[in-house]
Amino acid sequence: MAEKTTLIERPPVIAIMGHVDHGKSTLLDYIRKTNIVEGEAGGITQRISAYEVMHKGADGKEHAITFLDTPGHEAFTAIRSRGAKVADIAILVVSAEDGVKPQTIEAHKIIVAAGIPFIVAINKIDKEGADIDKTKVSLAEAGVYVEGFGGDISFVPISAKTGQGVSDLLDMVLLQAELEALQGDRSVPAEGIIIEANLDKRKGISATIIIKNGTLKTGQFVLADTAIVPVRMVENFLGKPIKEATFSNPIRLIGWSELPKVGTSIFSVSSKKEADQLILDRKNGKAPLKNTPVKETDEAVIPIVLKANEAGGLEALEHEIKKVKNDRVRIKIISSGVGDITENDVKLASGRENTIVLGFNLKVDAQAKSLAEKTGVVIQTFDIIYKLSEWLENAINERTPRMNVEEATGTAKVIRLFSKTKDKQVLGGKVEKGVIMLNAEVKILRRDFEVGRGRVRELQHLKNKATEVPEGKEFGALVESKIEIAPGDRLEAFNVVQK
Ligand code: GDP
C-alpha cells in the first residue's frame, strides 16, 4: 500500500495513577465532564474504561487526548506485565493534604518501569490543610524531584473538585506529548492493546481496545493471540457505532471467539482466511509476533546458492528454478555464480538455515566438501536440468510445513433450547449438511459469524443415544459452551486435520 511514510501526530494516551483517595477518579470525572465534545456527552453514558477529550493547546488548536479510566493500578500493571505500553504519559496524583503515601511510591515505580514520562498533579489545593511545598518535599524524599525542588519533573497544583488548575494540567499533557513526538500512520492495519474484556452471556464476548497505530475498518478481522473478532460494528467510547477508528481511539468490539487477555496486543487483517490461518499458526506455536504481511510469515523459503559452469547455463537454471514452487514454499536464490563449488559457497550457505548449494555441470572442490560435512550444508550437483528440477520438487515437498486446517464435517440448525445449567445446554436441532458427531468440537454461528465454540457431550437421535447424526435428521444434544446458544444459531462441527 503506502510506500512513503505517512506519519502524522498521534494523540497521547494518559494513565492517571496515585494513592487511593488522592483524587484520581474525581480528576477523571472532572476532565470527562468538562472536555468531552459537547453534544456527544449528553444523554450517552460512557460504556468503556477509557475516553477521549479535546483540549485547546498553546497553539490555539484543539487537540485530542485519550484517558484510561481504569480503577487503581491493577489494569495498568496487568497491561505492563505483558510488555505492552498502552499509556504514553502518566499523571501521578498526590494529595496536597497527605503528601506521598505508599501507593504513590508504588505508582511511581510502575511508571518508571514502564519507561514513560509523567507529570505530578498536586491535588486538593482547595482544602484548608493543603500544603503544596510540604507535598513537594515529601515527593523529593520519595525520589520524585519536581521542578524547583532539585529536578525537572513538571508539576501542576490542581483541585479535581473545583477544577482549578486542571486546564493547566491538560496544557502540560499536550506539551509533554509534543516533546514525545508521538506519531502514527493511518494507512497501515490497526494495532492496539486490549484494556478490558468481558463475557456477556447474551451478547457474547466484548473487549475494549486502545488503538495505537493504523486504521481499523468494518469488514476487517481483529486478532488478539488466538482470539478473533469480525469487525461488524465498532463502538466508540460513548457506545456510538462508527465505521472506522484510528490511533488513540478507545473502541469496543463485540463477538470475540474467546475472551482475550487484558494487555494483549491486537492487529487487524482484511480477511477471515488470513485471520484463521494466523490463529492456527499461533495455536501450533508458529506465532507471528508482529503485524507482518501473511505472505512472508506463511511461506517457508528454501535459500539456494546456485553455481554453473557457464553463464548461459546459469540463466537457464534460474529460469527453471523459478518454476519450482508450491503455495507454502518458495525458493530464493541468495547467490549465483559461474565456476566450481568452493569453500566460499558453503560458507555462504551455512550462514542461513536450510540453505542448499546446487551445482550444474561442475565439480565440488575438496575444501568445499569437507566444510559441507562439518556444517551439514547439502550440496547437490546435476548435469541434466530436468533432474535438478525433479530433485528440487522433492526437496520442496519434504520441507513443506504441515498446517493444521479446520475442516467442517457438518452443520446443524438449532431449533429449540430445552435447558441450561452452568455451561451445559440441552438443545434440539436438525443436521443440514454432513454429519454431527458425538464429542465433536463445534463453532456456534450466529448470522454466519462465529460467536463462540463448544463441544457436543451427548447426542441422541430418535430418543436413542447416537454417535453420529446424518444430514436431514433431527437430534437432541448436550453442548458444553460458555456461550448461550439460541434457536436459529448454527452449529458447525469440524475436525482439525494436518495438510
Ligand atoms: P481516588 O481513590 O484516587 O480515585 O480518589 P477519589 O477521586 O475517589 O477522591 C477521594 C475523595 O477525595 C473523594 O471524597 C473526593 O470528593 C475527594 N477529592 C478528590 N479531589 C479533591 C479535591 O481536589 N478537593 C477536595 N476538596 N476533595 C477532593
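Residues numbered from 1 in each chain as written. Predicted model: local features only at pLDDT ≥ 70, side-chain atom pairs only at ≥ 80, totals over all residues. Heavy atoms only, no water.

> Explanation requested: the sheet that holds strand β22 (residues 378–382) in the structure shown.
Paired through backbone hydrogen bonds, the strands of a sheet run either parallel or antiparallel to each other. Ordered in space as β20-β19-β21-β22, the four strands form an open sheet in which the pairing is parallel. With partners counted over all chains shown, the strands left at the sheet margins are β20 (329–338) and β22, one partner each. Across the sheet, the mean angle from the axis of one strand to that of its neighbour is 25°, orientation sign disregarded. Inspection of the sheet shows strand β21 (residues 356–360) paired to β22 by five bridges, in the parallel sense. By the bridge assignment for β22, Ile 356 is matched with Val 378. Of the strands in this sheet, β19 (300–308), β20, β21 and β22 are in contact with helix α11 (residues 385–399), which crosses β21 at around 165°. (Pairing = 2+ DSSP bridges. Helix = DSSP H or I, 4+ residues; strand = E, 2+ residues; numbered from the N terminus. Axes fitted to C-alpha atoms, helices over the stretch in contact; angles between N-to-C directions. Contact = heavy atoms within 4.5 Å.)

> Explanation requested: the packing of aromatic side chains in the structure shown.
We describe a pair of aromatic rings using the distance from one ring centre to the other and the angle between the two ring planes. Overall, the coordinates contain two aromatic pairs when judged by the stated rule. Over the aromatic face of Phe 494 sits the side chain of Lys 443, whose NZ or CZ is 5.1 Å from the ring centroid. (Phe/Tyr/Trp six-rings, centres within 6.5 Å; stacked < 30°, edge-to-face > 60°. Lys NZ or Arg CZ within 6 Å of the ring centre and 35° of its normal.)

> What am I meant to see in the side chain of His 108 here?
With respect to the secondary-structure elements, His 108 resides in helix α3 (residues 102–114). Looking at His 108, the relative accessible area reads 15%, which means it is buried. If sequence neighbours within four positions are ignored, His 108 has contacts with Leu 92, Phe 118, Ala 142, Gly 143 and Val 144. (Buried < 20%, exposed > 50% of the residue type's maximum accessible area, 1.4 Å probe, protein only.)

> Explain the environment of Glu 471 here, please?
Mapped onto the secondary structure, Glu 471 falls in the loop between β28 (468–470) and β29 (474–481). Contact partners of Glu 471, with chain neighbours within four places excluded, come to Val 431, Glu 432, Lys 433 and Gly 434.

> What should I look at first to understand the site of the ligand in this one?
In the vicinity of the ligand lie 15 residues, with Asp 21, Lys 24, Ser 25, Thr 26 and Asp 126 positioned nearest. Taking Gly 23, its main chain carries an N or O atom lying 3.0 Å from an oxygen atom of the ligand. Between Ser 159 and the ligand, the recorded distance is 3.2 Å, taken from a side-chain N or O atom to an oxygen atom. Protein contacts shield 75% of the accessible area of the ligand, which totals 570 Å² for the unbound molecule. (Near = heavy atom within 4 Å. Polar contact = N/O pair within 3.5 Å; in protein donor to acceptor, adjacent residues only side chain to side chain. Areas by Shrake-Rupley, 256 points an atom, 1.4 Å probe, with all protein chains shown as cover.)

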